[in-house]
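Here are the chains, one letter per residue:
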Amino acid sequence: MTQKQINKVYVYLQTLNAALGLVFWMYTSLVFNSCQIYLQDYVFPDAATSVFSLIASGPQMGGIPGALLAGPLSQKIGRRRMLIWLNIIALVGVVLTIFESLPAIIVGRFIQGFVIGAELVMVPMYVAEMSPVEITGETGALYMPMSSAGTQLGFVVGFLMPSNLNDGKEYMWRILFGAAGLPNVIRLILLLFVFRKETPFYFIMKDNDTLATDILSKIYSQERIQSELQRLHEEKKFLASKNTAGTVTLKDLFTKKYRKCFFMGLFVSLAWSVSGMNTIFSFSNAMLEDTVTEPDSNTPVLFSTLFGEIDFVACIIAYILSKTIKRKTAFLLGMILVGIVNSAYGILGLIEPQSPVLKYILIIWPLPFEFSIGFIVSTYLSESLPEVGLSVTMVTNNLAAFLITQFYLSLADTIGHSGIMLALGVCCFLSFFISKAFLVETKNKSKAEILSEYSGIPLDKTNQTEAGQVISLTEVNPSSPSDTPTEDKLMLENIAKNSTIEKPEGNTKDGSPTNPSMSVEDFEEVG
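Residues numbered from 1 in each chain as written. Predicted model: local features only at pLDDT ≥ 70, side-chain atom pairs only at ≥ 80, totals over all residues. Heavy atoms only, no water.

Undergrad: Can you walk me through the overall build of the chain in this structure?
TA: Regarding its fold elements, the chain presents 21 helices and two strands. Burial analysis of the chain (527 residues in total) assigns 59% to the buried set. On the chain, roughly 21,400 Å² of surface is accessible, and the fraction owed to carbon and sulfur atoms is 64%. (Helix = DSSP H or I, 4+ residues; strand = E, 2+ residues; numbered from the N terminus. Buried < 20%, exposed > 50% of the residue type's maximum accessible area, 1.4 Å probe, protein only. Areas by Shrake-Rupley, 256 points an atom, 1.4 Å probe, with all protein chains shown as cover.)

In structure tokens form, the structure reads like this:
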């Protein structure tokens, strides 16, 4: 199939709307970094350092249950409805953080973290299910500039914070904390009134071909809808556990079909964390402060802002490269380059702790990260794993992020920022060799194809598209000749015959299903 059969504008708009959750993620994670010194010195001067460490790590700590519950809940209530509820919960957390109360801020940051953990599962899942197979890399890279925009804002607002109580801006920290809710308000409005459709695969999981066909008609041309509908049915059949009604359970992840893919997903998620992402995004100001000798220097804030600008440029490069570069190639290249940058910082820092070169090494770090590891990991995980697998890998990621954020400062007092960066460089090189040996390429492949390659369970590729995507993905029955109709093949033929792109005749004027248990309102309205 050609890309002319795809409504790219619709897919991209859906992607950008969903990715507003990533703006919330990065801004929330970094805005405390910009406000911390003022809060520590003037608002809560008597609070222990451990309390501020708890506030800083709140999003990572809250992200653990958020990521764990996102997959199962999205199976029950739907992807779109899950995003709606996440917006509402996020706004509750934002309101709590603007009170001049440490318990309220801690609870608010935890709630925000719950939403962030769920967003890291839901946004890639939602985008992957809305995107045709051949452009999942593009859409995966498209939402990375949105997270980078959150990064930029989180750094830039540091210039708005007063340096002392006499500046007349004692209220500024409340405004900056409250601004975190703006992406949620925008996305909530768009989901309620503009983007009112669920993903096609969710409707297939709920055995509602009518609504699946309706949303497919917005994504594909008429001549492609039928083949996509059949592909989704076959993918559902291949992915589903024999013991469940079309869903994948935690127990299924340890079966032959999923085990290797799941373990590699866990590994990739951990490699993402130990590449230095959480360290640098959370503690760049502290790392930069060690490179300046002048008291009250604005160098840390200035270079952190420059870091954000370079990060945004790197995300644009990532989007351009995503159209051609393979997932495994990008991941391997990223691990090598990020490992070199981390190691260079670590070695130079150990030799000359206040070298002015260190800050320049730090600000170029986003370049190798964003065009490789940054967008590849979330894309790879959403392409290869079912909901529950994506949830567990994001739990692992958030747990690693929490531990790094919680204990980084104590570890830095022992071995220094340079010692930590050198250790992270070694982790990147180890990740390269492990990934080179075991990681499977996922570009232009369906989830069933990827699982088949990992597990060794063969697929009957009876009907491929021009772009190379598999349309028929049923398991081969070794005991049956290839030209003998099997029960699976007969079932697929029946699906093809009974699937239609026209809306069914019914008693309603708008063509919605007459079955009251599977109405349009059941899937598209909130409540």
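Undergrad: Looking at this structure, how should I read unusual backbone geometry?
TA: Peptide bonds are trans in most cases, and residues, glycine excluded, mostly fall at negative phi. The backbone of Asp207 shows a phi angle near 60°, a positive value even though the residue is not glycine. Within the element layout of this structure, Asp207 appears in the loop between helix H10 (200-205) and helix H11 (209-219). Assessed through its relative accessible area of 57%, Asp207 is described here as exposed. Its identity is not glycine, yet Asn444 carries a phi of approximately 60°, on the positive side. Topologically, Asn444 is positioned in the loop between helix H18 (387-438) and helix H19 (447-455). The exposure class assigned to Asn444 is partly exposed, which follows from its relative accessible area of 26%.

Undergrad: Help me understand the pattern of salt bridges in this model?
TA: Pairing between side chains becomes possible if they bear opposite charge and their charged atoms approach one another. In total, this model carries 13 salt bridges according to the counting rule given. Its salt-bridge partner being Arg231, residue Glu228 comes within 2.9 Å of it at the nearest N-O pair. One end of the pair is Glu228 and the other is Arg231, both in helix H12 (residues 222-239) and three residues apart, which spans about a single turn. Arg231 carries the same exposure label as Glu228, and that label is buried. Between Glu453 and Lys445 there is a salt bridge, and its shortest N-O distance comes to 2.6 Å. The exposure class of Glu453 is partly exposed, given its relative accessible area of 43%. (Salt bridge = Lys/Arg side-chain N within 4 Å of Asp/Glu carboxyl O.)

Undergrad: Explain the packing of helix H13 (residues 259-289) against helix H17 (residues 366-384) to me, please; I cannot follow it from the model alone.
TA: Between H13 and H17, the shortest axis-to-axis distance is 10 Å and the interhelical angle comes to 150°. Considering the angle they form, H13 stands roughly antiparallel to H17. Once H13 is placed against H17, the crossing between them reads as left-handed. In contact with Cys261, Met264, Gly265, Val268, Ser269, Trp272, Ser275, Met277 and Phe281 of H13, H17 contributes Phe369, Glu370, Ile373, Gly374, Val377, Tyr380, Leu381 and Ser384. For the contact of H13 with H17, the residue count by class is eleven nonpolar, five polar and one charged. (Axes fitted to C-alpha atoms, helices over the stretch in contact; angles between N-to-C directions. Parallel < 35°, antiparallel > 145°, perpendicular 65-115°, else oblique. Left-handed = near helix turned anticlockwise from the far one by under 90°. Contact = heavy atoms within 4.5 Å. Nonpolar A, V, L, I, M, F, W, Y, C, P; charged D, E, K, R; others polar.)

Undergrad: How should I be thinking about the side chain of Thr136 in this particular structure?
TA: Relative to the helices and strands, Thr136 resides in helix H6 (residues 136-142). Judged by its relative accessible area of 11%, Thr136 falls in the buried class. Polar contacts involving the side chain of Thr136 include one to the side chain of Glu383, which spans 2.6 Å. Excluding residues that lie within four positions of it along the chain, Thr136 makes contacts with Ala128, Ser131, Arg327, Thr379 and Glu383. (Polar contact = N/O pair within 3.5 Å; in protein donor to acceptor, adjacent residues only side chain to side chain.)

Undergrad: For this particular structure, what's the right way to read the nonpolar core?
TA: Inside soluble globular proteins, nonpolar side chains tend to come together where they are buried. Within the largest apolar cluster, 143 residues are counted, with the highest numbers of intra-cluster contacts made by Leu39, Trp173, Phe331 and Trp365. Excluding its chain neighbours within four sequence positions, the residues that come into contact with Trp173 are Cys35, Tyr38, Leu39, Val43, Thr97, Ile98, Phe99, Glu100, Ile105 and Met161. (Core = buried A, V, L, I, M, F, W, Y, C linked by side-chain atoms within 4.5 Å.)

Undergrad: Teacher, can you tell me more about helix H4 (residues 79-97) here?
TA: Within an α-helix, residues lying three or four positions from one another point in the same direction, as the helix has 3.6 residues per turn. Taking 1.5 Å of rise per residue, the 19 residues of H4 would be expected to cover 27 Å, and the 27 Å separating its terminal C-alpha atoms lies within 8% of that figure. Residues of H4 that are buried: Arg79, Arg80, Arg81, Met82, Leu83, Ile84, Leu86, Asn87, Ala90, Gly93, Val94 and Thr97. (Expected span 1.5 Å × (residues − 1).)

Undergrad: Help me understand a nonpolar patch on the surface, please; the structure alone is not making it clear to me.
TA: A contiguous nonpolar surface patch, about 390 Å² in accessible area, is contributed by Val185, Ile189, Phe193 and Val194. With respect to the element layout, Ile189 can be found in helix H9 (residues 182-193). Since its relative accessible area comes to 45%, Ile189 is described here as partly exposed. (Patch = residues over 30% accessible without salt bridge, like charges linked within 9 Å, V, L, I, M, F, W, Y side chains within 5 Å.)

Undergrad: Sorry if this is basic, but what is going on with the environment of Glu453 here?
TA: Position of Glu453 among the secondary structure elements: in helix H19. Taking the C-alpha atoms as reference points, Glu453 and Thr442, eleven residues apart in sequence, are found 9.8 Å from one another. Non-local contacts of Glu453, meaning those with residues more than four positions away in its chain, are made with Val440, Glu441 and Lys445. Reaching out from Glu453, the side chain makes a polar contact with the side chain of Lys445 at a distance of 2.6 Å.

Undergrad: Whenever I open this one, the packing of aromatic side chains confuses me. Can you help?
TA: Remark: the centre distance and the inter-plane angle together describe each pair of aromatic rings, the angle taken between the planes. Throughout the structure, instances matching the rule amount to nine aromatic pairs. Taken together, a centroid distance of 6.2 Å and an interplanar angle of 55° make the contact between Tyr202 and Phe203 tilted. A relative accessible area of 5% places Tyr202 in the buried class. Note on Trp365 and Phe369: the rings are 4.6 Å apart at their centroids and 20° apart in plane angle, and the pair reads as stacked. Exposure remark for Trp365: the relative accessible area of 0% places this residue in the buried category. Judged by its relative accessible area of 1%, Phe369 falls in the buried class. Ring pairing ties together the aromatic residues Phe254, Phe262 and Phe263, which thus form one cluster. (Phe/Tyr/Trp six-rings, centres within 6.5 Å; stacked < 30°, edge-to-face > 60°.)

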